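Chain and residue survey
Each chain is listed here by its residues.
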Amino acid sequence: AQSVTQLGSHVSVSEGALVLLRCNYSSSVPPYLFWYVQYPNQGLQLLLKYTSAATLVKGINGFEAEFKKSETSFHLTKPSAHMSDAAEYFCAVPSNRLAFGKGNQVVVIP
Amino acid sequence: NAGVTQTPKFQVLKTGQSMTLQCAQDMNHNSMYWYRQDPGMGLRLIYYSASEGTTDKGEVPNGYNVSRLNKREFSLRLESAAPSQTSVYFCASSKPRDSDYTFGSGTRLTVV
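Below is a short write-up of the structure. (Residues numbered from 1 in each chain as written. Chains lettered and ligands numbered in written order. Predicted model: local features only at pLDDT ≥ 70, side-chain atom pairs only at ≥ 80, totals over all residues. Heavy atoms only, no water.)

A word on the overall build of chain B
Scanning chain B from N- to C-terminus turns up zero helices and eleven strands. The N-to-C order of helical and strand elements in chain B reads β-β-β-β-β-β-β-β-β-β-β. Taken against the 2.2 N^0.38 rule, which gives 13 Å for 112 residues, the C-alpha radius of gyration of chain B at 13 Å falls within 12% of a compact globule. Projected onto the principal axes, the alpha-carbon positions of chain B cover approximately 40 × 25 × 25 Å. Residues counted as buried form 47% of the 112 residues belonging to chain B. Restricting to contacts in chain B with at least 6 residues of sequence separation, those with at least 24 account for 55%. When the accessible surface of chain B is summed, it comes to about 5300 Å², and 48% of that surface belongs to carbon and sulfur atoms. Here chain B contributes 12 positive and 9 negative side-chain charges, whose respective centroids are spaced 5 Å apart. (Helix = DSSP H or I, 4+ residues; strand = E, 2+ residues; numbered from the N terminus. Rg over C-alpha atoms; globule rule 2.2 N^0.38 Å. Buried < 20%, exposed > 50% of the residue type's maximum accessible area, 1.4 Å probe, protein only. Contact = heavy atoms within 4.5 Å. Areas by Shrake-Rupley, 256 points an atom, 1.4 Å probe, with all protein chains shown as cover. Lys, Arg positive; Asp, Glu negative; His and termini not counted. Charge placed at Lys NZ, Arg CZ, Asp CG, Glu CD.)

A closer look at the state of the cysteines
Residue and element names in this part refer to chain A. Considering all chains together, one arrives at two disulfides over all chains under this definition. In this model Cys23 forms its disulfide with Cys91; the gap between the sulfur atoms is 1.9 Å. In this structure the cystine formed by Cys23 and Cys91 twists about its S-S bond by roughly -60°; its chirality is therefore left-handed. With Cys23 in the loop between β3 (19–21) and β4 (24–25) and Cys91 in strand β10 (residues 87–94), this residue pair connects regions lying 68 residues apart in the sequence. A relative accessible area of 0% places Cys23 in the buried class. Given the relative accessible area of 0%, Cys91 is considered buried. (Disulfide = S-S within 2.5 Å.)

A closer look at the pairing of strand β4 (residues 31–38) of chain B
Residues and elements named next belong to chain B. Here β4 lies mainly inside the structure; eight of its eight residues are buried. Across the two faces of β4 the burial is the same, with Ser31, Tyr33, Tyr35 and Gln37 and Met32, Trp34, Arg36 and Asp38 all buried. Note that β4 and strand β9 (residues 87–94) share seven bridges and pair antiparallel. Bridging from a neighbouring strand, Gln37 pairs with Val88 of β9. The pairing of β4 with strand β5 (residues 42–49) spans seven bridges and is antiparallel. (Pairing = 2+ DSSP bridges.)

Re unusual backbone geometry
Here Thr7 of chain B and Pro8 of chain B are connected by a cis peptide whose omega angle stands at -5°. Residue placement: Pro8 of chain B occurs in the loop between β1 (4–7) and β2 (10–13). Residues other than glycine seldom take positive phi values, yet Asn41 of chain A does so here, at roughly 60°. Mapping Asn41 of chain A onto the fold places it in the loop between β5 (33–38) and β6 (45–50). The phi dihedral of Asn61 of chain A is positive, around 60°, even though this residue is not glycine.

Dropping the structure here:
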């Protein structure tokens, strides 16, 4: 079954700095890959979705992710962090159901 | 508004009590899911239902039962709540071929 790995449970980034969250999938090329964001005490919101139509996927709030088959990766980036980006971020892959990584808690330092 | 509706939003139970978490979707999705979210663990699948009339265990099914009442509704039951079941529970539904998932807003359950 497909799975995804997210390293580094807590990520601190300075306001204005690059946000980079890493996600690697386990095996064969998946048809879809997702990044979700969860703001404090809220539900899950879809940030972006890879569908094989394009390897660079743009999402909401200035985030984007690049699918790299050679690296089995789907890392999430944002060029300049904002205080409002403080949240938990999950990578996920369909595998009979949606399998989630353990998440990255992003803290933005003023 | 179309989406996944979960009730209740908050619940406090005493150890040994039972309760049912309700979930309903109005998007005509075939598949529905129950996840629990715990700090540092991500979201883990409890049970899922690929279609009306079928249910299957996920990663952490112990202590839970589910019912797929019809295409719209998928309930999660705790027969005898334990403190280890303190968690945030999310219901979700999906389109065919796993292309889109919609999540409910969650139920925050505390077992004391």
